[in-house]
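So you can see what is in the structure, the chains are spelled out below.
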Amino acid sequence: MESFTALCAAAAAVWYVVLFFRLRRRCRMSPPLPPGPAGLPVVGSLLSLPPELHLHFTELARTYGPVYRIRLGRKLAVVVSSPALAREVLRDNDLAMSSRDVPATGRLSTYGGNDMAYSPVGPTWRMLRRICAQGALSPSSLDAGYGLRRREVRAAVGRLGASAGGEVEVGTQMFVTVLNVITSMLWGDALGAGDGEDRGRVGREFRELMGEMSLLVGSPNVSDLFPALARFDLQGMERKMAQTVVRLDRVFNSVIEQKRKTKTTKKKGEEKDLLDHMLKLEEEGGDGKASFTMAHVKALLTDIFVAGTETTSNTMEWGMAEMLLNPEIVRLAQLELDQVVGKDDVVEESHLPKLRYLGAVVKETLRLHPAAPFLIPHSATETCTIGGYTVPKGSSVFVNAWAIHRDPSVWKDPLKFSPERFLGTGIGLDFTGSNFGYIPFGSGRRMCPGIPLAERMATYTLASFLHSFDWKVPEGTKLELSERFGLSLKKAKPLVAIPTPRLHNPEQYL
Ligand code: HEM
């Protein structure tokens, strides 16, 4: 017995020695963690986070370099801020980095993470992307939907024409236009399709709702950083999100009920919208590879609203603000419009490919004001090496597009708003995500599926607003460009401007 005990002790000792050397070798072999602020015990750097997170994360890169780590409660976050490192995350390690943490607020807004943005890569996510890519966002559907976009943009020009000479909140006008285009695309009718005043009211309410959602999803929440405390909802963010979701859910239920009532009256072959397709798929239970439930229907609707409306309308508001600060750019854009469209006609989407200067204005706007400054943060499903450092499995990975787009080693005179930089032959200076110095829509498998719609809507609406009106800021108002951080970066102070008709024929404003 004694010899057996001695044998076990000797075996355990050998095992410990082997384990010790193995671990030491592994530690020597695996690269270190990225550098970063030490932070406090337990909370890490949580208490030093200011509201404008994009500025803070960009500042930290000046101290710790283009890849650094920051501990936020129990969560390790890695922030990358250079094109080469963005490429390593989004292309070289695309699959391992293609997941996302679902924040507690996001779980509520997406009916349990049943949407596209928070689904892990797999059959459900593929089905949701296919519904968009082959459905409402396919080139043929977008071409077929031009009539709806035209109707909404012309209605917006009409509304502005009616308030000509008075002050208008440009962002609200943009938002209502985008919202109505998207609702028409989703379920065939504009939201608040009553008179102009009603539309304005509903649009404002919906904008508040989307703004609230994007702020709640985009802001740090103790529940995510200390999961053990999640049930206390210490910041009240889940409670607020639940209230917002109830309001949105009411809208969805009434539209779905209406759809079901009119389904029987729809003739065979009659144009179907995205909700028709989704409800059919829901009745069938899925595509054979993944199930599709009412939670998926509502979650995908929410995704498209949250990801599609504020991002696009904020981009247009930033574009107008930058132009109003640079009258020469307005002059050049209007000159191009007068040459391509003429003053006796109205802008059509078919003009857009010829509006190269305005296209460059939109690209430059998305460079200086990327709607999603950190993209939608990714999460590592495997331990990876990025920039020579270890990024452990489970880390959140922030690609700081905002910093990359303002990096002086990537862009000449980066803070200057200069559409001309997109007129040359710059390689990959488009929205495909192939040039990692310019990634307003991300890159890789999780990149934005809404690019074709966003590009058309932003350029078409800006073109119509600039072609139809001269714009000025009210007397005594100082136009400035401060930002408010959220899931979508918006202007801290809404842009207020005065439109004056510049076309002679009143019918062009009907
Ligand atoms: C100017 C407008 C827009 C900008 C700047 C923008 C930007 C982005 C970015 C940066 C991402 C994340 C990419 C990543 O994490 O790698 C994203 C994802 C997404 N966007 Fe957009 N977007 C815009 C408009 C739209 C529109 C109009 C729609 C829908 C109609 C849309 C739907 C989505 C969805 C569903 C995702 C999640 C995709 C996934 O995870 O697979 N976006 N967008």
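What counts, and where the lines are drawn
Residues numbered from 1 in each chain as written. Predicted model: local features only at pLDDT ≥ 70, side-chain atom pairs only at ≥ 80, totals over all residues. Heavy atoms only, no water. Donors = N, O, S within 2.8 Å, 3.2 Å for Na, K, Ca; no water. Helix = DSSP H or I, 4+ residues; strand = E, 2+ residues; numbered from the N terminus. Buried < 20%, exposed > 50% of the residue type's maximum accessible area, 1.4 Å probe, protein only. Polar contact = N/O pair within 3.5 Å; in protein donor to acceptor, adjacent residues only side chain to side chain. Contact = heavy atoms within 4.5 Å. UniProt positions renumbered as here; feature names shortened; annotations may be inferred. 1 Å grid on protein atoms, 1.4 Å probe; cavity = no way out; pocket = protein on both sides within 12 Å on 5 of 7 lines; lining within 4 Å. Points joined across faces, edges and corners; volume = space filled by probe spheres on them. Nonpolar A, V, L, I, M, F, W, Y, C, P; charged D, E, K, R; others polar. Salt bridge = Lys/Arg side-chain N within 4 Å of Asp/Glu carboxyl O. Lys, Arg positive; Asp, Glu negative; His and termini not counted. Near = heavy atom within 4 Å. Sits in = over half its atoms within 2 Å of the grid points.

A. Geometry of the coordination of the iron atom of the ligand. Among protein atoms, the single one acting as a donor to the iron atom of the ligand is Cys448 (SG), 2.3 Å away. Within the secondary structure, cysteine 448 sits in the loop between helix H16 (401-404) and helix H17 (451-468).

B. Up close: the side chain of serine 488. As for its position among the elements, serine 488 is in the loop between strand E9 (483-484) and strand E10 (490-491). With a relative accessible area of 4%, serine 488 lands in the buried category. For serine 488, the side chain forms a polar contact with the side chain of asparagine 314, separated by 2.9 Å. Those residues within four positions of serine 488 in sequence are excluded, and the remaining contacts are Ser214, Glu310, Thr311, Asn314 and Ala371.

C. Representation of the UniProt feature "binding site: heme" (unreviewed entry) in the chain. Mapped onto the present numbering, the UniProt feature "binding site: heme" (unreviewed entry) falls on Cys448. In this structure cysteine 448 touches Arg129 and Phe441, once residues within four positions along its chain are discounted.

D. Highlighting empty space enclosed by the protein. This structure, assessed with the given rule, holds 1 cavity of 30 Å³ or more. Of the pockets and cavities examined, the largest cavity occupies roughly 930 Å³. If you go around the largest cavity, you meet 48 residues; those closest to its centre are Ala307, Gly308, Thr311, Ile376 and Cys448. Within the residue set of the lining of the largest cavity, elements represented by two or more residues are helix H5 (123-136), helix H9 (196-218), helix H13 (294-325), helix H15 (356-368) and H17. The residue makeup of the lining of the largest cavity, split by class, is 30 nonpolar, 12 polar and 6 charged.

E. Examining the pattern of salt bridges more closely. On inspection of all chains with the given rule, the structure shows 21 salt bridges. Among the salt bridges present, the one from glutamate 59 reaches arginine 62, with a minimum N-O distance of 2.7 Å. Of this pair, glutamate 59 and arginine 62 both sit in helix H2 (residues 53-64), 3 residues apart, which is roughly one turn of that helix. Between glutamate 328 and arginine 331 there is a salt bridge; the shortest N-O distance is 3.0 Å. Here the residue glutamate 328 and the residue arginine 331 both occupy positions in helix H14 (residues 327-340), the gap between them amounting to 3 residues, near one helical turn. Here glutamate 328 falls in the partly exposed class, since its relative accessible area comes to 42%. Overall, the relative accessible area of 44% leaves arginine 331 in the partly exposed class. It is possible to trace a salt-bridge network through shared partners that takes in Asp143, Arg149, Glu349 and Arg456.

F. Looking closely at the side chain of arginine 129. Looking at the secondary structure, you find arginine 129 in helix H5. Buried and unpaired, arginine 129 has aspartate 303 as its nearest opposite-charge partner, separated by 8.8 Å. Within the structure, the side chain of arginine 129 is placed 3.4 Å from the backbone oxygen of arginine 445, a separation counted as a polar contact. Apart from the residues within four sequence positions on either side, arginine 129 is in contact with Met116, Arg445, Arg446, Met447, Cys448 and Pro449.

G. The arrangement of the site of the ligand in detail. What surrounds the ligand is a group of 28 residues, the closest being Arg100, Trp125, Arg129, His378 and Cys448. Contacts to the ligand include isoleucine 376, whose backbone N or O atom sits 3.3 Å from an oxygen atom. Here an oxygen atom of the ligand sits 3.0 Å away from a polar atom, N or O, in the side chain of arginine 446. Placement of the ligand is best described as lying within the largest cavity. For the shell around the ligand, the secondary structure elements donating two or more residues are H5, H13 and H17. Ranked by the residues each element gives to the shell around the ligand, the list is headed by H13, at 7 residues. Among the residues forming the shell around the ligand, the class breakdown is 17 nonpolar, 7 polar and 4 charged.

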